[in-house]
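# Chains, contacts and geometry: an overview
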Amino acid sequence: MENRGRKRAELADQLRADKRACSSSEFRPGSSSSCIQAQMISTNSVSETPECEMETSSSASASGRSEGEADRDSGYGSCDSDGLDDSEHRHKSFREYHPRRSSGDHAKFKRILSSLEDEAEPGSQLAALTELCDVLSFCTEDSLSCFSSDAFAPVLVKLARHDNNPDIMLLSIRAVTYLCDVLPRSSGFLVRHEAVPALCSRLMAIEYLDVAEQCLQALEKISHDHPLACSQAGAIMAVLNYIDFFSTSIQRVALSIVANICKKLPSDCSAPYMEAVPILCNLIQYEDPKLVENVAMCLIRIVERVSHSPEMLNDLCKHGVIHQATNLIALNSRTTLSQPIYSGLIGMLARLASGSVVAVRTLFELNICTTLKHILSSYDIAHGLPYPVTGDAHSNQVRELLKLINELLPSSARSNGDIQLVSDKEKILIDRPELLRQFGIDILPVLIQVVNSGANLYVCYGCLSIINKFVYFSRSDMLLDLVKNTNISSFLAGVFSRKDHHVLISALRIAETVLSKLPDVFLSSFVKEGVVYAIDALLTPERSSQLMVPTSCSILIGSDQRLAAKDALKCLCFAFDADCSSSSEMQDCKIEDDSVKILAMHIKATYFLTESQNSEIGLTETLQKLRTFCAYLTDNVSMSIGNDIYAQQEENLYHILHQIMAELSGREPMSTFEFIESGIVKSLVNYLSNGKYLEGKTDPHGLSTHFHFVLKRLEMFARFCLTSTGGVWEDTHLAVLIRKLQCAFSSIENFPVILSHVSKPRNSYATVPKGRCTIHPCLKVHFVKAEDESGLCNYPGDVLTVEPFSSLDAIEGFLWPKVSSSGGEHINLTSQSLTPSKIGLPLPRHADARSHQDNVQSDMGKTNDLSSDLPAMQEDMAKLSHSSLEGERAGDVIQAIPGDTGPSLNQACPGSTAQDVRYVPVEDSSLRVQDSAIATTSNFASSDEHIEGRKHFTSCSNGGSSPKLIFYLEGRQLDRSLTLYQAILQQQAKAENDVIVGPRFWSEVYKVTYRKAVEVKQSNPHLHGSIISSTLDRLGPFWQDVPFFSSMLISELPCDLEKSNPCYDILFLLKILEGLSRFAFHLMSGERTRAFAEGRINDLDDLKVAVPAIPRTEFVNCKLTEKLEQQMRDQLAVSIGGMPSWCSQLMAICPFLFGFEARVKYFRLTAFGFSQDQSHPWAQSTNNNPNAPNERRLNGLTVPRKKFQVCRSHILDSAAQMMDQYARHKTIIEVEYNEEVGTGLGPTMEFYTLVSQEFQKVGLGMWREDYNSSPPGKSLYAESSGFVMAPFGLFPRPWSDSSGTSDGIQFAEVIKKFVLLGQVVAKALQEGRVLDLPLSKAFCKLIMEQDLNVFDIQSFDPELGRTLLEFQALVDRKKLLESVSVNSTTIISESCFRNTRIEDLFLEFTLPGYPDYILASGPDHKMVNMNNLEEFISLTVDATVNSGIYKQVEAFKSGFNQVFPVKSLQVFTEEELERLLCGEQDAWASNELLDHIKFDHGYTASSPPVMNLLEIIQEFECNQRRAFLQFVTGAPRLPPGGLAALNPKLTIVRKHCGEWADGDLPSVMTCANYLKLPPYSSKERMRERLLYAITEGQGSFHLS
């Protein structure tokens, strides 16, 4: 290992200095090969210049700089000034230089050729070769094509064989390299003239190292196009023989040659590449990542080629291929591989295990099961994936993992082709049963977890196939030992809810095998968990309650199953064959049509015969008991009876609740099946809603009486569910109930994940609804009038192309003028139609679009329509300019439109380029939740047409103009709240068809029938809400602002989910419980206040309540979260608004079901669109792979970047100018400071930090300045430091309407600052910047448009809030005493505030803390007394959280909405919003530091300076840690997710200093989160110098 990357010393000593290494001037500049560019740097620069390389923006160096770092630096704009890298500048200069040279090149070539052909002196040949290399290095393909390169080939090959003069050899081979580079087809001439053998001969006997290196450069060029010729000439071994003598960059070139050859290995002769396997197995242990990846690629190709031969596979195993591959795929591997290579290695192991028993034995001996377990377990369903996920790379990797696991076990079917191999695998397991046991211990629980966590059909079938094999080959005792802790019964019961026959037959086989081996053990658990019930339901579906076996169908997706090459799905029977031949795709399914029923009938007859006599088959005693309890609860929940009887009845119901919860948390756990089938969920919801849930909609006029019953039950239920015997939340009934509901929901929900496949985005022309080009595929629709419809005309056109994200309202707007009786007679399509070329649009390239150009309707040609559509067209053109119209500005296209009266892009966006896209916020706040699909669609597509469609839909649904047309597809009415794409998918799903969103989906013509809508009188939708609101207003300050209360009062969820769906009941109860958990303090405080008023408690201190907090993660459904993650990975579905409607609806009504990271991603997609989400730093937080694409080039759509210069002394003024210019644009802003160097991520992060600090300064009049809560001795801290002291977070200072000025501060200036603050906060969210702005939770609730009440005051002013609650308790006691006619003396004595009369407190009628804020005027409102105390409380609360801050909050939201709608934040809680804005600031654990910090360029994790640094960081106090973070990253806080989410990754490198390292200071590159640390002699010295740097080095950016 010592000779890695070194030249052979004795050979190097024999060479002249100019022969040992080629200087940068000797190589042709601008080479397309990264390896050539790498060679341009001298070989010794690898270890000598890490620091200077980090200071530049070179993107193609072969130095020790970590791979991919340059791309990341460039992506963040760390050092580049104009977006162009060095290579682009070089190519530009070459293009300008070429025309001047090309005219003379032809004559030079002739003269040079004649000089080389003559038997000239070596000196003249050398001069001619030098000139040839010089000409080739600067010429282009055009200048060379005029001259026959074939003439040079034999001459150069001959000179390359020259044995006497090494200079001639070197220059001739270099000329060969340049020739192939300039004119790639010339490699064919060289191959014909035996160039490859000549080059290989030089490599087989190396005399001069630089000649050998040049040979490798030439072979690398030739091997691209002629791998077979290279293979036949023995290039593989020639390249690998002396590879250890070359530098790392040249080793990469050599392996690139081998990789090129291995892409097309000959099938007849295996000797050359089999001989290379031992060398490759040695090379794969090297440290260079690119080198390792090339070696891995070679081995993968070799295994693919010899997979048909067990003997060759056995030979590969003997050479150690398996050992090296297993080391690389382990999670603790020191080498980070790209996604394709990583998946390829796993697939290689699967191929080896498929054809070689030696491979299987070796894998078991290497404990591969533990490795695979760790890989599968690392897929954290709720928090992302361990490897970067793009497209369907994740599903491909999982597929390869399952293939490998599947191949470790022999086939249970004896029809397998290779009986001998199956027998040999069986023999391994028989001889060594501990291997199978270890397999079960490692793999079985993980597979069950994968299926339960929401795996798609493909993965589910793979897991079941493996489990079926394991159960089949396990002995009874082993099976009992391994399965008893996995709850396989519950697992199988959940699997039976799938509808695919492959999955069902696998589940039935597992059940049969388990019952045949352990009938006495598992029969009872099969009954308890519902397996028996589910199998019986397969035979008699009419007897099923359809709870555990829902009728909704699964959706099969082409892309998600890696089967998208063709529409015909490869049958799942062949999906996990290790050798997936294309012919297997068309093979018939192995499962007969009636196999499921036959096997189910066999199991029932064999094992359930005694139970089959019972009409209630599969129902346990516990289930029967629970049904009895629930029936009683339902029947007696809403009895109208007197007070005494009511109290007794409530006590009885309370007792029933106790019994139900005792069953839930009893010693014998209740199964999910029993929980669902018992009807507990529906009974509990009905109980809490006072019987109104089962009755349907509540009469709004009876809400007042109904409310008091619901209120008391909620208070009682909260006290009952939140009581904990051990004082911890885990012991509460609420936590137990939530877990049961989550398990039940995961078992029965069957929301589809619909992913799409389109080979490549292509331009197509959509006629409907606006007639414009789009990069998305279009639906083909034939609109047909209903047969019995007489009031409409037939649509005169044929098949139309329709934008898939079009709403039915937008389609109606297009269709109605053409089919209505008044407008249809005047349509002349032929004379008035416009093609795209007529309106200045680029002609669509898609064949389907061309075929429908004549169908563009006449009204598209009108000038006013065209100008109104201009913004949408501008955006489309901006997108198309990136994908297909390279070099053409979108503005140029727009200007070509005749009759254009609208503004150009530059006019619409001052100071911006055509790439700037302006977001138009939707101001309509009355959208129904059902419209959320359209809402997300408009945000995804960012076009005015979608916004118009939304507004039109809103007016229709809110009592405005009613729909004119009703649309049908295959006889079923389409849902108007969905896009056409979603509606088609939903209809196909309801028809129980497999939906494959592939080429056939887009090419199919959909026949949509339309008829005239019948006008139906709609009730005023606001009437119901207003009655509820007025009812809540009369309830006092405790209940009027409890958000979840309204849904309880009306007893329905605002979504399209049918009430008959069992998921509806679970969602409703979960929503109630989540609200109860969040507002438990409100409920418990209300109950305490009532107890004080009734005299049950007399001490005001007893009003305090302690509520166990249920963690938010308990409400997260991991399965649903993973489904949403899968859905959001589909680029097409996201970009066209094609996500299933359940995504937007559940996110709107129950966002708590999804994990925080998933909601963040959904928020970014809906608020900003797909392309900008991908450029967001957090979107790539798990993507630290060096092979990840640069964020500027993702998906072909670039996010515009703008540089903005700011002045440190006028930060807020600079921020205001920046927001005025860019707030409304989707532009990433990069900050640079006046008279400072450096721009990009670091300076920009610091800018947002400085702005945050400016907003916290004293004297702005923005915040409540609470000096009294300062720590002792620091009461003047705010004045001395200049910052507002807000220990509980910033909250707006109240201003009265009559006050325009206070303490010299103009209220108008305060409003302006809140507008600016809203802009800055929104822009920071949009760009992923962290703010150092400690906003209070109450203010975060206001941002999310939630109302506040008296309880929220305690969160930012605990003393005031607590006092107001105590005052309210006194008021309630006084009212109660007056209602029972108690004498006035008693009332006065009972109404004292801590033994003091209210009058004696001498409270003025002004806002506490703000004497200038007068709450009310008049003689009765000078001082507070017992008579006006309630009014004082009400006015104080209103001034503090409502009227006094209303204008400030509205100003903040108005500024925020200029960037994107503030409504998008409503999927978060106030704590999550604070985390989203301000990131993390928790202390760091040592393992976190090691896991998420990269050490490079002279440092490793075990280096003494690194160990000292980590210890120092952990010992930092909070302020020191903040200063360190700001020094390194530009922000004093980490992004959400902590160190793991920091992108680029925090990197520590060795700083090369002079003779005395202790005298030097650390330096940083904030744009790359890059700390250059000198190797200090001691920990104390390092601490001293580091603290000095982070305190004194702030405030400016300079070169280090």
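What counts, and at which threshold
Residues numbered from 1 in each chain as written. Predicted model: local features only at pLDDT ≥ 70, side-chain atom pairs only at ≥ 80, totals over all residues. Heavy atoms only, no water. pLDDT = per-residue confidence, 0-100. Helix = DSSP H or I, 4+ residues; strand = E, 2+ residues; numbered from the N terminus. Contact = heavy atoms within 4.5 Å. Axes fitted to C-alpha atoms, helices over the stretch in contact; angles between N-to-C directions. Left-handed = near helix turned anticlockwise from the far one by under 90°. Pairing = 2+ DSSP bridges. Buried < 20%, exposed > 50% of the residue type's maximum accessible area, 1.4 Å probe, protein only. Phe/Tyr/Trp six-rings, centres within 6.5 Å; stacked < 30°, edge-to-face > 60°. Lys NZ or Arg CZ within 6 Å of the ring centre and 35° of its normal. Salt bridge = Lys/Arg side-chain N within 4 Å of Asp/Glu carboxyl O. Expected span 1.5 Å × (residues − 1). Disulfide = S-S within 2.5 Å. Polar contact = N/O pair within 3.5 Å; in protein donor to acceptor, adjacent residues only side chain to side chain.

### Comments concerning the confidence of the model for the protein
Per-residue confidence for the protein gives a mean pLDDT of 74; residues scoring 70 or more make up 71%. No element of the protein has a lower mean pLDDT than helix 49 (residues 890-895), which averages 30, and none a higher one than helix 73 (residues 1446-1457), which averages 95. Residue range residues 581-585 is modelled with pLDDT below 50. Its contacts to residues more than four positions away, or to other chains, number six contacts. Taken together, the stretch residues 1035-1041 has pLDDT below 50 and engages in 23 contacts with residues farther than four places along the chain or on a different chain.

### Some points on the packing of helix 10 (residues 152-160) against helix 11 (residues 166-182)
Taken N-terminus to C-terminus, the directions of helix 10 and helix 11 make an angle of 145 degrees; their axes are 8 Å apart at the nearest point. For the pair helix 10 and helix 11, the sense of crossing is left-handed. Judged by residue contacts, L156, L159 and A160 of helix 10 engage I168, M169, S172, I173, A175, V176 and L179 from helix 11.

### Details of the pairing of strand 13 (residues 1410-1414)
Sheet topology places strand 12 (residues 1406-1407) next to strand 13; two bridges connect them, and they run antiparallel. When the sheet's bridge partners are listed, L1407 is paired in strand 13 with Y1410. What sits between the antiparallel neighbours strand 12 and strand 13 is a turn of two residues, in which G1409 has the positive phi angle 90 degrees.

### Observations concerning unusual backbone geometry
Note the cis peptide between V768 and P769, where omega equals 5 degrees. By the secondary structure assignment, P769 is in the loop between strand 1 (764-766) and strand 2 (772-774). Note that the residue after N1543, namely P1544, is joined by a cis bond; omega there is 5 degrees. Mapped onto the secondary structure, P1544 falls in the loop between helix 77 (1518-1529) and strand 15 (1546-1550). The residue E970 is not glycine, and still its phi comes out positive at about 55 degrees. Tracing the sequence through the fold places E970 in the loop between strand 5 (965-969) and strand 6 (972-973). Accessibility expressed as a relative area gives 60% for E970, which makes it exposed. Although it is not a glycine, R1394 adopts a positive phi angle of roughly 55 degrees.

### Regarding the environment of L714
Within the element layout of this structure, L714 appears in helix 41 (residues 703-721). Remark: the alpha-carbon pair of L714 and L1076, spanning 362 residues in sequence, is separated by 8.0 Å.

### Section: the side chain of S506
When you line up the elements, S506 lands in helix 32 (residues 501-517). Excluding residues within four positions of it along the chain, S506 makes contact with Y461 and L464.

### Examining the sheet that holds strand 16 (residues 1563-1565)
Taken in spatial order, the four strands line up as 14-15-17-16 in an open sheet, and their pairing is mixed. The open sheet has two free edges, formed respectively by strand 14 (1493-1496) and strand 16, since each of these has just one partner strand. Strand-to-strand twist of the sheet, defined as the mean angle between neighbouring strand axes without regard to direction, takes the value 25 degrees. Of the pairings in the sheet, the one linking strand 16 to strand 17 (residues 1570-1573) comprises three bridges and is antiparallel in character. Paired with V1564 across the bridge in strand 17 is L1571.

### Thoughts on the packing of aromatic side chains
Overall, the coordinates contain 32 aromatic pairs when judged by the stated rule. Aromatic side chains F1291 and F1356 sit 3.9 Å apart centroid to centroid with 5 degrees between the ring planes, which places their arrangement in the stacked category. Here F1356 lies in helix 69 (residues 1350-1356) and F1291 lies in the loop between helix 66 (1277-1281) and strand 10 (1301-1302), a separation of 65 residues in the sequence. You'll find F1291 and F1356 in the same group, each marked buried. Through successive ring pairs, a cluster of aromatic residues spans F1156, F1163, F1168, W1263, F1314, F1339, F1452, F1456, F1460 and F1468. Lying across the ring of F814, K818 places its NZ or CZ 4.3 Å from the centre. Positioned above the aromatic ring of W1295 is the side chain of R1293, whose terminal nitrogen or guanidinium carbon lies 4.8 Å from the ring centre.

### Let's talk about the sheet that holds strand 7 (residues 1005-1012)
Within the open sheet, the five strands sit side by side as 4-3-7-5-6. Their pairing is mixed. Single-partner strands in this sheet number two, and they are strand 4 (800-802) and strand 6. Direction of pairing for strand 3 (residues 779-785) relative to strand 4: antiparallel, over a ladder of three bridges. Across the sheet, the residue bridging to K780 is T801, located in strand 4. Here helix 43 (residues 808-819) sits on the sheet in contact with strand 3, strand 4, strand 5 and strand 7, set at roughly 110 degrees to strand 5.

### So, the pattern of salt bridges
As enumerated under the stated definition, the model contains 59 salt bridges in all. Measuring nitrogen to oxygen at the nearest pair gives 3.8 Å for the salt bridge that ties K1203 to E1230. Placement of the pair is K1203 in strand 8 (residues 1201-1206) and E1230 in strand 9 (residues 1228-1233), with a sequence separation of 27 residues. Overall, the relative accessible area of 33% leaves K1203 in the partly exposed class. Take E1230: its relative accessible area is 2%, and that puts it in the buried class. A salt bridge links D1560 to K1551, with the nearest nitrogen and oxygen atoms 3.8 Å apart. The exposure class of D1560 is partly exposed, given its relative accessible area of 24%. Here the residues in one salt-bridge network are E1087, R1088, E1094 and R1096, joined through shared partners.

### Some points on helix 42 (residues 733-748)
Relative to the 22 Å expected for 16 residues at 1.5 Å per residue, helix 42 spans 23 Å between its end C-alpha atoms, a close match to the ideal helical length. Across the 16 residues that make up helix 42, a large majority, 14, are buried.

### A look at the state of the cysteines
Two cysteines joined by a covalent bond between their sulfur atoms form a disulfide. The tally for this structure, following the rule as stated, stands at zero disulfides. For the unlinked cysteine C460, the closest cysteine sulfur is that of C463, found at 6.9 Å. Given the relative accessible area of 0%, C460 is considered buried. Just so you know, C1340 is unpaired, no disulfide at all, and the nearest cysteine sulfur is the one on C1478, 7.3 Å from it. For C1340, a relative accessible area of 0% puts it in the buried group.

### Some remarks on the environment of H1210
Along the chain, the position of H1210 falls in the loop between strand 8 and helix 64 (1211-1222). A distance of 3.0 Å separates the side chain of H1210 from the side chain of S1209, its partner in a polar contact.

### So, the environment of Y1233
On the secondary structure map, Y1233 appears in strand 9. For Y1233, a relative accessible area of 1% corresponds to the buried category. Remark: the alpha-carbon pair of Y1233 and T1244, spanning eleven residues in sequence, is separated by 9.4 Å.

### Thoughts on helix 39 (residues 680-688)
Here helix 39 lies mainly inside the structure; eight of its nine residues are buried. Along helix 39, the residues that are buried comprise I680, V681, S683, L684, V685, N686, Y687 and L688. The first or second residue beyond helix 39 is N690, which carries a positive phi of 60 degrees.

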